[in-house]
Amino acid sequence: DTGVSQDPRHKITKRGQNVTFRCDPISEHNRLYWYRQTLGQGPEFLTYFQNEAQLEKSRLLSDRFSAERPKGSFSTLEIQRTEQGDSAMYLCASSRGQGIADTQYFGPGTRLTVL
Amino acid sequence: AQKITQTQPGMFVQEKEAVTLDCTYDTSDPSYGLFWYKQPSSGEMIFLIYQGSYDQQNATEGRYSLNFQKARKSANLVISASQLGDSAMYFCAMREGIDDYKLSFGAGTTVTVRA
């Protein structure tokens, strides 16, 4: 299997602009997750999908954030009206969805800098 | 309350020596999974090892082993025969319950291997 891929790897934007990130999971993984990681901290859960259904959203995910996974394949995470506090690494992960030992495999992340 | 606590922000270890990274967790759910990930400076989270709450034996994966002490709610990672390439950030994470799929991460421990 090829690993989880994310695009772009880096994004610099001005405050107030909209940005969209893409994640391609490992093929046949039916679960997909988004996390956010700020400098010096561990990742924090944002949302996850089982196939195309978004099953849980963190309170961290404000109304400016939206995620989709059309057809249960790739996923996009959009941030509208970006703020400087949105600057972080956005990590995507996928898993097969089998039992308690279900392991999440992460992509390389998208580093967002909001000026 | 913090679900995962990693109390060592940074550690130095001599090449070829072993190092133990501490992780304590907090959950009331009898079913949970504990994961360790490695994050090199490139940013990608690499899965290392998994321990289930019902597993009778400590998990091992090559040079990685997990010292699981359920009563003390600790899941320390042991890296044996350290190599320069082991220099990275290490995160402990927990998944609680069979119906909850998100991971809760600790703040991480930076390991620097010295030649």
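Residues numbered from 1 in each chain as written. Chains lettered and ligands numbered in written order. Predicted model: local features only at pLDDT ≥ 70, side-chain atom pairs only at ≥ 80, totals over all residues. Heavy atoms only, no water.

Draft legend 1. Broad picture of the overall build of chain B. Scanning chain B from N- to C-terminus turns up zero helices and 12 strands. When its helices and strands are written in sequence order, chain B yields β-β-β-β-β-β-β-β-β-β-β-β. Compactness check: chain B gives a C-alpha radius of gyration of 14 Å against a globular reference of 13 Å for 115 residues, within 12% of the reference. Overall size of chain B, expressed as C-alpha extent along the three principal axes, is 45 × 25 × 20 Å. For chain B, buried positions account for 50% of its 115 residues. (Helix = DSSP H or I, 4+ residues; strand = E, 2+ residues; numbered from the N terminus. Rg over C-alpha atoms; globule rule 2.2 N^0.38 Å. Buried < 20%, exposed > 50% of the residue type's maximum accessible area, 1.4 Å probe, protein only.)

Draft legend 2. Up close: the state of the cysteines. Residues and elements named next belong to chain A. Considering all chains together, one arrives at two disulfides over all chains under this definition. Sulfur-sulfur distance for the disulfide between cysteine 23 and cysteine 92 comes to 1.8 Å. Its torsion about the S-S bond being -70°, the disulfide of cysteine 23 and cysteine 92 is classed as left-handed. Of this pair, cysteine 23 sits in strand β3 (residues 19-24) while cysteine 92 is found in strand β9 (residues 88-95), placing the two residues 69 residues apart along the sequence. (Disulfide = S-S within 2.5 Å.)

Draft legend 3. Highlighting the interface of chain A and chain B. Contacts between chain A and chain B engage 24 residues on the former and 23 residues on the latter. Note on chain A versus chain B: buried area summed over both sides is about 1800 Å², and carbon and sulfur give 58% of it. Considering only the surface of chain A that becomes buried against chain B, Pro43(A), Ile100(A) and Phe106(A) emerge as the three largest contributors, covering 31% of it. Linking Lys102(B) and Glu56(A) is a salt bridge whose minimum nitrogen-to-oxygen distance equals 2.9 Å. Applying the counting criterion to the chain A and chain B interface returns six residue pairs in polar contact (both at pLDDT 80 or more). (Contact = heavy atoms within 4.5 Å. Buried area = accessible area lost by both parts, 1.4 Å probe. Salt bridge = Lys/Arg side-chain N within 4 Å of Asp/Glu carboxyl O. Polar contact = N/O pair within 3.5 Å; in protein donor to acceptor, adjacent residues only side chain to side chain.)

Draft legend 4. Seen up close, the pattern of salt bridges. Applying the stated criterion to the full structure yields nine salt bridges over all chains. Among the salt bridges present, the one from Asp102(A) reaches Arg31(A), with a minimum N-O distance of 3.3 Å. Placement of the pair is Asp102(A) in the loop between β9 and β10 (105-106) and Arg31(A) in strand β4 (residues 31-37), with a sequence separation of 71 residues. Pair check on accessibility: Asp102(A) and Arg31(A) agree, each one buried. A salt bridge links Asp86(A) to Arg64(A); the nearest nitrogen and oxygen atoms lie 2.8 Å apart. Residue Asp86(A) is found in the loop between β8 (75-79) and β9, and its partner Arg64(A) is found in the loop between β6 (53-57) and β7 (65-68); the two are separated by 22 residues along the sequence. The exposure class assigned to Arg64(A) is buried, which follows from its relative accessible area of 11%. A network of salt bridges, in which partner residues are shared, links Glu56(A), Asp100(B) and Lys102(B).

Draft legend 5. How the structure looks around unusual backbone geometry. All names here are of chain A. In the segment running from aspartate 7 into proline 8, the intervening peptide bond is cis, with an omega of -5°. Mapped onto the elements of the fold, proline 8 is located in the loop between β1 (5-7) and β2 (10-13). Here asparagine 51, not a glycine, exhibits a phi torsion of approximately 55°, which is positive. Under the relative-accessibility criterion, asparagine 51 is labelled partly exposed at 34%.

Draft legend 6. Molecular detail of the sheet that holds β7(A). Residues and elements named next belong to chain A. Here four strands make up an open sheet; going across it, the order is β1-β3-β8-β7 and the pairing antiparallel. Looking at which strands have only one partner, the edges of the open sheet turn out to be β1 and β7. Shown here is a sheet whose adjacent strand axes are inclined to one another by a mean of 15°, direction ignored. With four bridges connecting them, β7 and β8 associate as antiparallel partners. Looking at β8, one finds that glutamate 68 is bridged to threonine 76. (Pairing = 2+ DSSP bridges. Axes fitted to C-alpha atoms, helices over the stretch in contact; angles between N-to-C directions.)

Draft legend 7. Looking closely at the layout of surface pockets. Estimated volume of the largest pocket: approximately 510 Å³. Lining the largest pocket are 19 residues, and of these Pro43(A), Glu44(A), Phe45(A), Leu60(A) and Ser104(B) sit closest to its centre. Split into classes, the residues belonging to the lining of the largest pocket amount to eight nonpolar, six polar and five charged. In this structure, the second largest pocket encloses a volume near 190 Å³. In this structure, the second largest pocket is lined by Gln37(A), Thr38(A), Leu39(A), Gly40(A), Gln41(A), Met89(A), Arg111(A), Gln39(B), Pro40(B), Ser41(B), Gly43(B) and Met89(B). Here the residues of the lining of the second largest pocket sort into four nonpolar, seven polar and one charged. (1 Å grid on protein atoms, 1.4 Å probe; cavity = no way out; pocket = protein on both sides within 12 Å on 5 of 7 lines; lining within 4 Å. Points joined across faces, edges and corners; volume = space filled by probe spheres on them. Nonpolar A, V, L, I, M, F, W, Y, C, P; charged D, E, K, R; others polar.)

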